[in-house]
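# Residue-level structure breakdown
Take a look at the letters that make up each chain.
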Amino acid sequence: MVLATLGVMAMVWALGGRLRWPRALVWSGMALVYVAAAVFDVTLAEGNLAAWALIGGFAACVGLYSAALSRLKARAEPEVAAKPQGTFREAELERYARHIVLRELGGAGQKKLKGAKVLVIGAGGLGSPVLMYLAAAGVGTIGVIDDDTVDNSNLQRQVIHRDDMIGLPKVQSACEAMLALNPYVEVRPYQRRLTAELAESLFAEYDVILDGTDNFETRYLSNAAAVAQGKPLISGALAQWEGQLSVFHPAVSGPCYQCVFPEAPEAGLAPSCAAAGVVAPLPGVIGTMMALEAVKLLTGAGHVTRGELLIYDGLYGESRKIKLAPRKDCPICQKG
Ligand code: ZN
């Protein structure tokens, strides 16, 4: 009798799967079959009540345990503690509708994005898609620091800037473009070069730092400041046809930037975009992936590229990942 019941329950399970029933309906159907069979067996066929109760109780425990586990998993806190903020206006709900229907984001995730503060270093090739997508995604406060002005030769890849902005500060051009795209976000332009002192005070105001600069001095100092404050640093780099990115957050796990690149290469060995060239869509690919890592960090969705370096070769359309480990003698993240 028990075996026959299990057989019918398995059929309900298979049928539910094929017809794409909701999980709750399948479980309810199986429970109904079980209870009906138990009642029939015990009352009419003088079956053993204790055996039915034992099997039923065990199954219920397993079910409850797995439901609790998946609920805990779904509620896993993101490693960045951005406070979910405020209420949304009607136009915002409509604007973010494609986020809100995503199971991994939903209304709760959108609130976390709205409450988040993200700082982007550099409004150039990588900064352009990063800033546009952070604004589009509804990240509540976006800071951008850059001391440069828009140049004609930038416009081949720095798509946040327009031809009529040539000669104007990049942060001004970038902030105007972000607000034109999404007036519901706050933008903060800092038209200056990042220094160690400035990094210390500025990083404290933000939840996540994105580094899209092309000079090693700024990369090392932003890494040191991010590690000192326990903030995640999303770092991207480009050369000609190839780009790479990683999330450095040794406070959680994995190495910092300096563990992976202990020393700046000799001048001339790592030529800048100006000297070596860079293909127009490549910053778009890597910068967009950086923005995606930020969305995941802020909402707790999925798995961030921490402890890994993602390398994309645009010339051959190939990507690969390399595992990264902290260096025991790193002077930045292994202190004390
Ligand atoms: Zn390190």
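Here the structure is shown first, and the text comes after it.
Note that the structure is predicted; figures quoted are calculated from it, not measured. Numbering of residues begins from 1 in every chain and follows the order in which that chain's sequence is written. In view of the model being predicted, local features appear only for residues whose pLDDT reaches at least 70, and side-chain atom pairs are presented and counted only at 80 or more, with totals across whole chains, interfaces and linings using the full set of residues. Each side-chain value is worked out from all heavy atoms of the structure, with water and hydrogens disregarded.

### Points about the nonpolar core
Rule in force here: Here, nonpolar core means buried Ala, Val, Leu, Ile, Met, Phe, Trp, Tyr and Cys residues that are tied together by side-chain atoms lying within 4.5 Å of each other. Each residue's exposure class comes from its accessible area (1.4 Å probe, protein chains only) as a fraction of the maximum for that residue type: buried when under 20%, exposed when over 50%, partly exposed otherwise. In this description a helix means any DSSP run of H or I spanning at least four residues, a strand means any run of E spanning at least two, and both kinds are numbered starting from the N terminus. Any two residues whose heavy atoms approach within 4.5 Å at even a single point are treated as in contact.
In terms of nonpolar packing, the biggest core is built from 41 residues, with Leu 131, Leu 134, Met 178 and Leu 210 touching the most fellow members. Elements supplying a minimum of two residues to this core: strand S1 (117-121), helix H7 (127-137), strand S2 (141-145), helix H8 (170-181), strand S4 (208-211), strand S6 (242-248) and helix H13 (281-299). Per element, the largest residue contribution to this core is 8 residues, and it comes from H13. Residues contacting Leu 131, with those up to four places away along its chain left out, are Val 120, Ala 123, Ile 142, Val 144, Ile 160, Ala 174 and Met 178. The next biggest cluster of nonpolar side chains, apart from the first, holds 21 residues, and it includes Ile 145, Tyr 190, Phe 203 and Leu 324.

### Details of the coordination of the zinc ion
Quick reminder of the rule: Metal sites are built from N, O and S donor atoms within 2.8 Å, or 3.2 Å for Na, K and Ca, and they leave out water, so they may look incomplete. Geometry is assigned from donor-metal-donor angles: four donors are tetrahedral when every angle falls between 85 and 135 degrees, four are square planar and six octahedral when opposite donors sit over 155 degrees apart with all other angles between 65 and 115, and any other arrangement is irregular.
Binding of the zinc ion to the protein goes through Cys 256 (SG), Cys 259 (SG), Cys 330 (SG) and Cys 333 (SG), at separations of 2.2 to 2.3 Å. Between the 4 donor atoms coordinating the zinc ion, the angles at the centre fall across 95 to 120°, so the site counts as tetrahedral. As a motif over one chain, the donors of the zinc ion read C-x2-C-x70-C-x2-C. Remark: Cys 330 occurs in the segment after strand S8 (318-323) and Cys 256 occurs in the loop between S6 and helix H11 (257-260); sequence separation between them is 74 residues. Take Cys 256 and Cys 330: they sit in the same class, and that class is buried.

### Let's talk about the sheet that holds S8
Selection criterion: In this scheme, strands are said to pair when DSSP sees at least two bridges between them. Note on geometry: axes are C-alpha line fits, over the in-contact stretch for helices, and angles between N-to-C directions span 0 to 180 degrees.
Taken together, the 8 strands give an open sheet; going across it, the order is S3-S2-S1-S4-S5-S6-S7-S8, and neighbouring strands pair in mixed fashion. Two strands close off the open sheet at either side, each with one partner strand: strand S3 (186-190) and S8. Across the sheet, the axes of successive neighbouring strands diverge by a mean angle of 15°, strand direction being ignored. Pairing analysis gives 4 bridges linking S6 to strand S7 (residues 308-313), with the strands arranged antiparallel. Among the inter-strand pairings, Gly 243 is bridged to a residue of S7, identified as Tyr 312.

### Description of the pattern of salt bridges
To keep things clear, this is the line we draw: Should a side-chain nitrogen of Lys or Arg be within 4 Å of a carboxyl oxygen of Asp or Glu, the pair is scored as a salt bridge.
Counted according to the given criterion, the structure contains 12 salt bridges. The shortest N-O distance in the salt bridge between Glu 92 and Lys 114 comes to 2.8 Å. Linking Glu 92 in helix H4 (residues 90-95) with Lys 114 in helix H6 (residues 106-115), this pair joins segments that are 22 residues apart in sequence. Note that Lys 296 is salt-bridged to Glu 293, the shortest N-O span being 3.1 Å. Residue Lys 296 and its partner Glu 293 are located together in helix H13, separated by 3 residues, close to a single helical turn.

### Quick look at the packing of aromatic side chains
Put simply, the rule is: Only Phe, Tyr and Trp rings are paired, with Trp represented by its six-membered ring, and only when their centres lie within 6.5 Å; those with planes under 30 degrees apart are stacked, over 60 edge-to-face, the remainder tilted.
The full count for this structure, using the stated rule, is 5 aromatic pairs. Both rings, one in Phe 216 and one in Tyr 220, keep their centres 6.4 Å apart while their planes meet at 35°; by these two values the pair is tilted. Placement of both Phe 216 and Tyr 220 in helix H10 (residues 216-228) is noted, with a separation of 4 residues, approximately one turn of the helix. Tyr 220 gets classed as buried once you look at its relative accessible area, which sits at 15%. When the ring of Tyr 220 is compared with that of Tyr 257, the centres are 5.6 Å apart and the planes differ by 65°; the resulting orientation is edge-to-face. In this pair, Tyr 220 sits in helix H10 while Tyr 257 sits in helix H11, placing the two residues 37 residues apart along the sequence. There is no split in this pair, since Tyr 220 and Tyr 257 are both buried.

### Examining the environment of Glu 92
With a relative accessible area of 2%, Glu 92 lands in the buried category. Along the sequence, Glu 92 and Gly 138 sit 46 residues apart, while their C-alpha atoms lie 8.8 Å from each other. Dropping the residues within four chain positions of it, Glu 92 is found in contact with Thr 87, Lys 114 and Tyr 184.

### Section: the packing of H7 against H8
Counted only if it meets this: Throughout this description, any angle smaller than 35 degrees is read as roughly parallel, any larger than 145 degrees as roughly antiparallel, any in the 65 to 115 degree range as roughly perpendicular, and the remainder as oblique. In this scheme, a crossing is called left-handed if the near helix is turned counterclockwise away from the far one by less than a right angle; it is called right-handed if the turn is clockwise. Classes in brief: Ala, Val, Leu, Ile, Met, Phe, Trp, Tyr, Cys and Pro nonpolar; Asp, Glu, Lys and Arg charged; the others, Gly included, polar.
For the pair H7 and H8, the least separation of the axes is 9 Å and the interaxial angle reads 30°. Classed by the angle they form, the pair H7 and H8 counts as roughly parallel. When you trace H7 past H8, the crossing you get is right-handed. The segment H7 lies against H8, with Leu 131, Met 132, Ala 135 and Ala 136 engaging Ala 174, Ala 177, Met 178 and Leu 181. A class-by-class count of the residues in the contact of H7 with H8 yields 8 nonpolar, no polar and no charged.

None of the figures reported here should be taken as evidence of function without further support.
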